[in-house]
Structure formats: C-alpha cells, structure tokens
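A structural walkthrough
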Amino acid sequence: MNCMSTILEVKHLKKYFDTKAGLLHAVDDVSFSIEQGETLGIVGESGCGKSTLGRTIQHLLEATEGTIFFKGKDVTKLSKKKTRDYMKEVQMIFQDPYSSLNPRMTVKQIIMEPLLIDGVRKKEAEEKVHEMMKTVGLDERFENSYPNELDGGRRQRIGIARALILKPDFIICDEPVSALDVSIQAQILNLMQDLQNQLGLTYIFVTHDLSVVKHISVKIAVMYLGKVVEYSDTSELFAHPAHPYTRALLACVPTIDISKSRDIEVLPGEITSPINPKPGCRFASRCSYATEKCYEADPELVRIGQNHQVACHLFNGHTDGK
C-alpha cells in the first residue's frame, strides 16, 4: 500500500445480517482502494449492498469480516474514543435531506451541533457556521429557519455543511442527489465538485444513476448482490463495459440522441436470494451467457486492462499484466 497517496483501502470486507431465514450477505468480500482527492462511484440496483458498504466503512455498522485501512492505519476495530476521532475525518452525506435533519433544530443549530460536541466554544462555533453556510451557498438569513421551511436543494446544502464543519478529509455520499429535482441535482453535483477541488476532499459516491456517476467519478465499482462485479476507470467502463450486468445497466441510461438506435436488454429470471447464497455467480440466473461453471464457483475479479477488473467466468484465465 502506498500510504503517501492511498487514503482508504478495503480488503475482503464483509457485512452479514442475522435473519430468521439465515445470514443475509449484504456486503460479501469487497476489496478496493481510493487515492487522495479521487471520487469512487459505487453503482448498482437497490439491494445490492452499496449503502451498507458505505455505512460499514463509516462505522455506522460493524464489519463482520475484513479490514479497513485509513491513511495507512487499520481502523476496522476501534475503541469508542478512536471511533469518534475517525468519524471526524470520515463524514457522511445522506440520501434524504429531510429525514436526515432534525426538524426541531434550526439550520444554525444543525450545522453547529458537531462543533459543540467537539468542545468548540459557542461564539467560535457560530462564526464557523456562518463561514460554512457561505461556502455551501446558503444565505445567512436562513440560519434561524427550520428544515421544513426550505426546499430540497437548500436542505441538502445543510447536510453538506454539517458533514464538512469538522473539516474531514473523506466524505461518503449515500445517493445525495437522488431525492432532488434534476435541475437541483446539477447544482448540488457542481457544488460538491467545487468543494472537492477547494478542500482536497475524497469521495465515495453511492448511486444507482450511471449518468450521475459518470459526471462525478474517476473510478467506478459496479455491485450486484453484495459483490463487486466490475471495477474500472470511468472512461474505460463506459467505453468498454465487460460484465453482462454492467452492459445491461449502461443500455438503460437515457439519451437525448433520438437518431441513435438502442438495444435495451431486459434481464430475465429472478434475483438470487442474498440469504445463505449458494456457491456460484449471483448473476447467473439472469445472465444469457451463463454456463454450468457459473452455478458452481464464484468468479474472482481478474484484470482485463490496466485499470479494469471484472468478476465473470467469461474472462476466466484472461489477465492483462499491463
């Protein structure tokens, strides 16, 4: 690991939940790394484990197995005090800017709360809040407003300000624009990119929207039922998608070019249960290329390009040493 540039490295991370029917494999043997200042997009349909992955990295959920390195240090298991210190550096922006904000607190109180918990004096905290509101594009006149009095875009700016107020290095963005109107989505995405450039932030950007992830991410990890099935530079993934699931996702991305013919692949079959999953590729039941081997053994991520990996038996034995 290059600790000079790698800010986060996840190795064989697993998060299972006990259910009456057995163990639900929400995140199952996921590995990746992120360089300082990069954005890694995590994409996949609902239930694939992408939000659980983010919450496990942030320590809102405890990992079942695996290791998380942050700035070269193992942060998988931490004491209460060290978890609090870690959370100052790794913050989260949540999907719904309404339910994630306390409706009984004003804008100023919401943004200031982390500072007061951290022991900052109230007068200094108020100054920092005003500065942060300006940074995220919130007019100071809204400081005594309540979340229900503001629109979705302003509420999400409050969530961003709250996440940034302790000056973290790393932000996990859990579908931060999916609950917003399209025009507001663009404003928030542009704001997040501006903040990244100004403050040197590193993002994990969780989303189901490939159009959004293409706009903001340097690298993309595609997840399916707890597994990363493809990992690549953004430009390479959109130009040469390898996994059948990735190709199906990309085929569904809307386009404004009406002259371009589209071959939308409707995935057949039923989604495999993530509870006590059997050996084999979890996408096999929906894949038109599936063979007997796909139902017998889990495919491993193999390199098929310089910065391109795929977990599919179609590429078994196909490695690129570049």
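In what follows, the accompanying structure is described. In this text, all values refer to a predicted model and were calculated from it rather than measured experimentally.

1. Quick look at the overall build of the protein
Helix and strand content of the protein: 9 helices and 12 strands. Compactness check: the protein gives a C-alpha radius of gyration of 21 Å against a globular reference of 20 Å for 322 residues, within 12% of the reference. When the backbone C-alpha atoms are referred to their principal axes, the protein occupies close to 65 × 55 × 45 Å. Put simply, the protein has 322 residues, and 48% of those count as buried. The contacts of the protein with a sequence gap of at least 6 include a subset with a gap of at least 24, amounting to 62%. Just so you have it, the protein exposes about 16500 Å², and 49% of that area is on carbon and sulfur atoms.

2. As for the packing of helix 5 (residues 152–164) against helix 6 (residues 182–199)
Axis separation between helix 5 and helix 6 bottoms out at 10 Å; the angle between their running directions is 20°. Considering the angle they form, helix 5 stands roughly parallel to helix 6. Remark: the crossing between helix 5 and helix 6 carries right-handed chirality. The residues of helix 6 that touch helix 5, namely those facing G153, Q156, R157, I160 and L164, are I184, Q187, I188, L191, M192, L195 and L199. Split into classes, the residues belonging to the contact of helix 5 with helix 6 amount to 8 nonpolar, 3 polar and 1 charged.

3. Some words on the packing of aromatic side chains
On inspection of all chains with the given rule, the structure shows 5 aromatic pairs. When the ring of F70 is compared with that of F170, the centres are 6.2 Å apart and the planes differ by 90°; the resulting orientation is edge-to-face. Placement of F70 in strand 4 (residues 65–70) and of F170 in strand 7 (residues 170–174) is noted, with a sequence separation of 100 residues between them. No difference in accessibility class separates F70 from F170, as the two residues are buried. Note on Y224 and F283: the rings are 5.2 Å apart at their centroids and 85° apart in plane angle, and the pair reads as edge-to-face.

4. Section: the pattern of salt bridges
Under the criterion given, the structure shown has 16 salt bridges. Notably, a salt bridge pairs R282 with D28, separated by 2.4 Å at the nearest N-O pair. In this pair, R282 sits in the loop between helix 9 (244–251) and strand 11 (301–305) while D28 sits in strand 2 (residues 22–35), placing the two residues 254 residues apart along the sequence. By relative accessible area, which is 10% here, R282 ends up buried. K128 serves as the salt-bridge partner of E124, at 3.9 Å between the closest nitrogen and oxygen. With E124 and K128 both in helix 4 (residues 122–135) and 4 residues apart, the pair spans about one turn of that helix.

5. Concerning the sheet that holds strand 4
Across the sheet, which stays open at both edges, the 4 strands sit in the order 2-1-4-5 with antiparallel pairing between neighbours. Because the sheet does not close on itself, it has two edges, and the strands there are strand 2 and strand 5 (73–74). Summarising the sheet, strand 4 and strand 5 pair through 2 bridges and their orientation is antiparallel. The residue of strand 5 that forms the bridge with F69 is D74. Of the strands in this sheet, strand 1 (6–19), strand 2 and strand 4 touch helix 1 (residues 50–57), which is tilted by about 115° from strand 1.

6. Here's the deal with the sheet that holds strand 12 (residues 308–311)
Hydrogen bonds along the backbone pair up the strands of a sheet, which may run parallel or antiparallel. Here 8 strands make up an open sheet; going across it, the order is 6-7-8-3-9-10-12-11 and the pairing mixed. Of all strands in the sheet, those bounded by a partner on one side alone are strand 6 (90–93) and strand 11. Recorded for the sheet is a direction-independent mean angle of 20° between the axes of neighbouring strands. By the bridge criterion, 5 bridges tie strand 3 (residues 39–43) to strand 8 (residues 202–207) in an arrangement that is parallel. When the bridges of strand 8 are listed, T39 appears paired with Y203. Contacts from helix 5 reach strand 6 and strand 7 within the one sheet, and its direction differs from that of strand 6 by about 175°. Each of strand 3, strand 6, strand 7 and strand 8 is contacted by helix 6, which is oriented at about 160° to strand 8, the strand it contacts most.

Cut-offs used in this document
Residues numbered from 1 in each chain as written. Predicted model: local features only at pLDDT ≥ 70, side-chain atom pairs only at ≥ 80, totals over all residues. Heavy atoms only, no water. Helix = DSSP H or I, 4+ residues; strand = E, 2+ residues; numbered from the N terminus. Rg over C-alpha atoms; globule rule 2.2 N^0.38 Å. Buried < 20%, exposed > 50% of the residue type's maximum accessible area, 1.4 Å probe, protein only. Contact = heavy atoms within 4.5 Å. Areas by Shrake-Rupley, 256 points an atom, 1.4 Å probe, with all protein chains shown as cover. Axes fitted to C-alpha atoms, helices over the stretch in contact; angles between N-to-C directions. Parallel < 35°, antiparallel > 145°, perpendicular 65-115°, else oblique. Left-handed = near helix turned anticlockwise from the far one by under 90°. Nonpolar A, V, L, I, M, F, W, Y, C, P; charged D, E, K, R; others polar. Phe/Tyr/Trp six-rings, centres within 6.5 Å; stacked < 30°, edge-to-face > 60°. Salt bridge = Lys/Arg side-chain N within 4 Å of Asp/Glu carboxyl O. Pairing = 2+ DSSP bridges.

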